[in-house]
Amino acid sequence: MTMNPLVDLMTMNFPYATEIVCVAMAIQGSMNVRNGPNKSGDMHWFHALLRSTLAGYAGATFTNVFMGRPSAMFSNDVFFGSCLIGYGLVNWTPLDVGYYVLNTFPGTLFTTVFAQVFRVGGVAGFSDAAFNAFKDNPSVYYPTPVFGPILFPSMLGNMGGFFTNGIDAYVEKALPWMIQQSVSCSAFYHFYAHDAEGYIGVTLRSYVKPLAIQFMALMGADGKQSENDALFARFMVGCFMVVMGILRMPQILGPRFSPFMTACDVLGGMMGGKKKKVNAKPPSSSGKKNKKKNQ
């Protein structure tokens, strides 16, 4: 039985998947620099290349260091090679045709979808790596490691923001979308795919898995694939991240949109209601005197 193409997309099960998503991620980083700090085109080419590389691959460059593993930029030639290709397509094509094509709606849609698929692989891969590293030593309070498999992929998704802006500038005004996305998706993936004994994972699967099995069967999965918790979790995380990436494109709802913040605003408005203004000032002494005179 052939799996639905949407599942193949989210799980990177298509020809040259690694190369395509890596180049898309590099293009997105280069476009962010070209449309942002290098909008005037005055930045030196090496400065722009370094900024573009870190905009797309800061997580891949630094996050593994926290786990004592080699940087993926050193261990995987596809990553840095993709950075060079992406930078060249955005900045070095004749008549700047690459930049103008990639800046169109179809070009932005292409890079957004495949860059998000790249991030989905990061959530699953880094959560799996942290779980496998810590699964034999959980805390005494819960049978499954909780924070490592969530924070490790979350750091991957936010390293660019921290590195480029600094901690204060990145988080001082609001909770960045990349933190909202990475923490929520990493938590769902980890508890659904890894938490075999804890009450969070058991409860989550007790409600979701009966529907998940039927849904994956409709998507072309065989019996074994339908029972695969990691496959379903990765597919659902992928659908959410890709849809959010598209909705947050400048041509649609824009980068300020967040379903979590929207829900909080709606609930806050429903629960808060209109409050009457209360005058907290004590009555003036002149008012008391006037009352006495009138008596």
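Each remark here, short or long, concerns the structure printed above.
Right, let's walk through the structure included here.

Parameters and conventions
- Residues numbered from 1 in each chain as written.
- Predicted model: local features only at pLDDT ≥ 70, side-chain atom pairs only at ≥ 80, totals over all residues.
- Heavy atoms only, no water.
- Helix = DSSP H or I, 4+ residues; strand = E, 2+ residues; numbered from the N terminus.
- Polar contact = N/O pair within 3.5 Å; in protein donor to acceptor, adjacent residues only side chain to side chain.
- Contact = heavy atoms within 4.5 Å.
- Salt bridge = Lys/Arg side-chain N within 4 Å of Asp/Glu carboxyl O.
- Buried < 20%, exposed > 50% of the residue type's maximum accessible area, 1.4 Å probe, protein only.
- Axes fitted to C-alpha atoms, helices over the stretch in contact; angles between N-to-C directions.
- Parallel < 35°, antiparallel > 145°, perpendicular 65-115°, else oblique.
- Left-handed = near helix turned anticlockwise from the far one by under 90°.
- Nonpolar A, V, L, I, M, F, W, Y, C, P; charged D, E, K, R; others polar.

**Quick notes on the side chain of Thr93**
Inference 1: You can see Thr93 is positioned in the loop between α5 (77-91) and α6 (97-102).
Inference 2: At a separation of 3.4 Å, a polar atom in the side chain of Thr93 contacts the main-chain amide nitrogen of Val97.
Inference 3: Setting aside chain neighbours within four positions, we find Thr93 in contact with Gly88, Gly98 and Tyr99.

**Concerning the pattern of salt bridges**
Inference 1: Under the counting rule described, the total for this entry stands at 3 salt bridges.
Inference 2: Measuring nitrogen to oxygen at the nearest pair gives 2.4 Å for the salt bridge that ties Asp96 to Arg34. With a gap of 62 residues between them, Asp96 in the loop between α5 and α6 and Arg34 in helix α2 (residues 17-34) connect regions that are remote in the sequence. Like Arg34, Asp96 is buried.
Inference 3: Salt-bridge contacts for Lys209 lead to Asp229; the nearest nitrogen and oxygen are separated by 3.1 Å. Placement of the pair is Lys209 in helix α11 (residues 199-218) and Asp229 in helix α13 (residues 229-247), with a sequence separation of 20 residues. For the pair Lys209 and Asp229, a shared accessibility class is recorded, and that class is buried.

**Side note on the packing of helix α10 (residues 177-193) against α13**
Inference 1: Relative orientation of the contacting elements α10 and α13 amounts to 165 degrees, with a least axis distance of 8 Å. Of the possible angle classes, the one that applies to α10 and α13 is roughly antiparallel. Crossing angle aside, the handedness with which α10 passes α13 is right-handed. Judged by residue contacts, Trp177, Gln181, Ser184, Cys185, Phe188, Tyr189, Tyr192 and Ala193 of α10 engage Asp229, Ala230, Phe232, Ala233, Arg234, Met236, Val237, Phe240, Met241 and Met244 from α13.
Inference 2: Looking at the contact of α10 with α13, its residues break down into 14 nonpolar, 2 polar and 2 charged.

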